[in-house]
Structure formats: C-alpha cells, structure tokens
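A structural walkthrough
Next come the chains, spelled out residue by residue.
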Amino acid sequence: METQQSKAMKEDSTTKEAAVDAELAKAIMARCFHPSLIGPEAWEGYVFSDLEIRIKESTDLYGAVLWPSAMVLCHFLETNRDEYNLTDKNVIELGAGTGLVSIVSSLLGAKVTSTDLPDVLGNLKYNVMRNTKDRCKYIPLVTELIWGQEVEQRFPRATHCFDYILAADVVYAHPYLEELMDAFDHLCQENTQILWAMRFRLDPENSFVDRFRQRFHLEELYDLPTLRIKLYRAWRKDKGTKDQGEAAA
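The text that follows walks through the structure, step by step, so that each part is easy to find. Please read all numbers here as calculations on a predicted model, not as lab measurements.

1. Observations regarding the pattern of salt bridges
In total, this model carries ten salt bridges according to the counting rule given. Between E78 and R31 there is a salt bridge; the shortest N-O distance is 3.0 Å. Remark: R31 occurs in the loop between α1 (4–29) and β1 (32–33) and E78 occurs in helix α2 (residues 68–79); sequence separation between them is 47 residues. On the basis of relative accessibility, which here comes to 13%, the residue E78 falls in the buried class. Taking relative accessible area as the criterion, R31 reaches 13% and is therefore assigned buried.

Pasting the structure below:
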C-alpha cells in the first residue's frame, strides 16, 4: 500500500518534471522572432549559433511550413555539441521542409545533404542557400528524395555513409510510413546515429514508434509534454536481432 510519504514524493517529482518541461519548451520557443517591420517578403526569424536565420515558409504546402519539432532538434544539436559534435560529420536530413535543421547543422560544421519532395525543393533550397552562404565550412547539398526504391538508387550504401540521420516531424498520418521506415533502415549503417524529433498527434505516430523499435535501439532524449514532442536517438540493431523482431511481429 502506498504511504502518504511516497505519494507526496511522487507528486513532488511530477511537479519538478513539469517545471523542467515548461522551462525547456519556453527556451526553445524563445529562439523564434518575427520581423519588426513588414517587408515585401514574409519570413520568420530564428537564432542559433549566435546567428540570425531567416526562414521563408510556403503556407500552401504542408511540407514547407516550419513545425516546432525542428526547433527542438536544432536546440538539442546546439546545446549538446560536446556529445554530438557535427564538425566534419556526414549528415543527411530526411523531410527537411523549410530547411532549419539542415541550416543549423551546416552552421555547426557538418557536411549536410538536405532532402525532401520535389514540390518543396525550391523553397528549401532558397532558405538553405540564403542562410548558409559564406557562413559554413561546407556548402550543403539540397536534393530531392522520394522515400522508397529511390533511396537505394540515390544513396548506395557502398559509397554513401552518414554519421547522422536527422529528421523532424516526418511521422504523421501520411501514406508513406513504410517507405520512411525503409529509408531509415537503408541509410542507417553500423556507426550511424539517428536523431529524430516527433510531435505526437494520432495513433499512427505511436504504432510507427513500436515498429521502429523492432529494427532500431531507441533512446528518449527529450520528452516535452507542453509541446507534445519527443526527441529520440536511435541506432541499428544487428541483423539477427532485426530478423527476430520482424518474425515476432
């Protein structure tokens, strides 16, 4: 039977966790600012690596809108540079959207390949080039990528080895979740780490995480109930473990 003391300790722990969550969420969202004057082009501003980043959104395209998960991932990358040092690392971002994660990764010294669907590529390339020109050690590559068979053709494992796969808000109720899973599986090699921020909305997100665990080890880095976002680190299981997991599914 739970004692009054243990119950009080649990409540105190929950209160402290809620306070930490709220403080971290506030710090992350504070990185965004809006222009003081309205100009000919609409943009939103962000501050990472002590630099101002201007992001142009395209509100008529779902993938060309910046979602808070991207800010969460960028905040983590900047504030954990000692443990997750991107300098000179090969990085690929899946579903780059407006490009904020790719931009911040480039500013942190990574060799970045920024990918998304053809219909958002123009806006993505504009944002990435606008915010990285003359600021980065390596010029980021922006290229289209359709999840599925094209991943293996565009990025053969023998010649493309990535240290990090980055993804923010790529899991939602779209019909290409299996193709996304296969893209993670193909691109993630023995020494690759996945850093993936996800906003929980509906059941597809939960079931994707369950299936993802069958192929990858998964560690929770952030849990932000205020934003309904979690940040994960993942790395591949050995083939035998993966096969056993698939057989049990």
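Structure shown, so let's carry the discussion forward.
2. With respect to unusual backbone geometry
For D169, which is not glycine, the phi dihedral falls at a positive 60 degrees. Here D169 shows up in the loop between β7 (164–168) and α6 (177–187). When its relative accessible area of 7% is taken as the criterion, D169 is described as buried. The phi dihedral of R228 is positive, around 60 degrees, even though this residue is not glycine. Tracing the chain through its elements places R228 in the loop between β9 (216–224) and β10 (229–236).

3. So, the sheet that holds strand β2 (residues 44–48)
Ordered in space as β1-β2-β3, the three strands form an open sheet in which the pairing is antiparallel. Two strands in the sheet have a free side with no partner beyond their single neighbour: β1 and β3 (51–55). Summarising the sheet, β2 and β3 pair through five bridges and their orientation is antiparallel. The residue of β3 that forms the bridge with F48 is L51. Relative to the sheet, α2 contacts β1 and β2, its axis offset from that of β2 by approximately 20 degrees.

Calculation criteria
- Residues numbered from 1 in each chain as written.
- Predicted model: local features only at pLDDT ≥ 70, side-chain atom pairs only at ≥ 80, totals over all residues.
- Heavy atoms only, no water.
- Salt bridge = Lys/Arg side-chain N within 4 Å of Asp/Glu carboxyl O.
- Helix = DSSP H or I, 4+ residues; strand = E, 2+ residues; numbered from the N terminus.
- Buried < 20%, exposed > 50% of the residue type's maximum accessible area, 1.4 Å probe, protein only.
- Pairing = 2+ DSSP bridges.
- Contact = heavy atoms within 4.5 Å.
- Axes fitted to C-alpha atoms, helices over the stretch in contact; angles between N-to-C directions.

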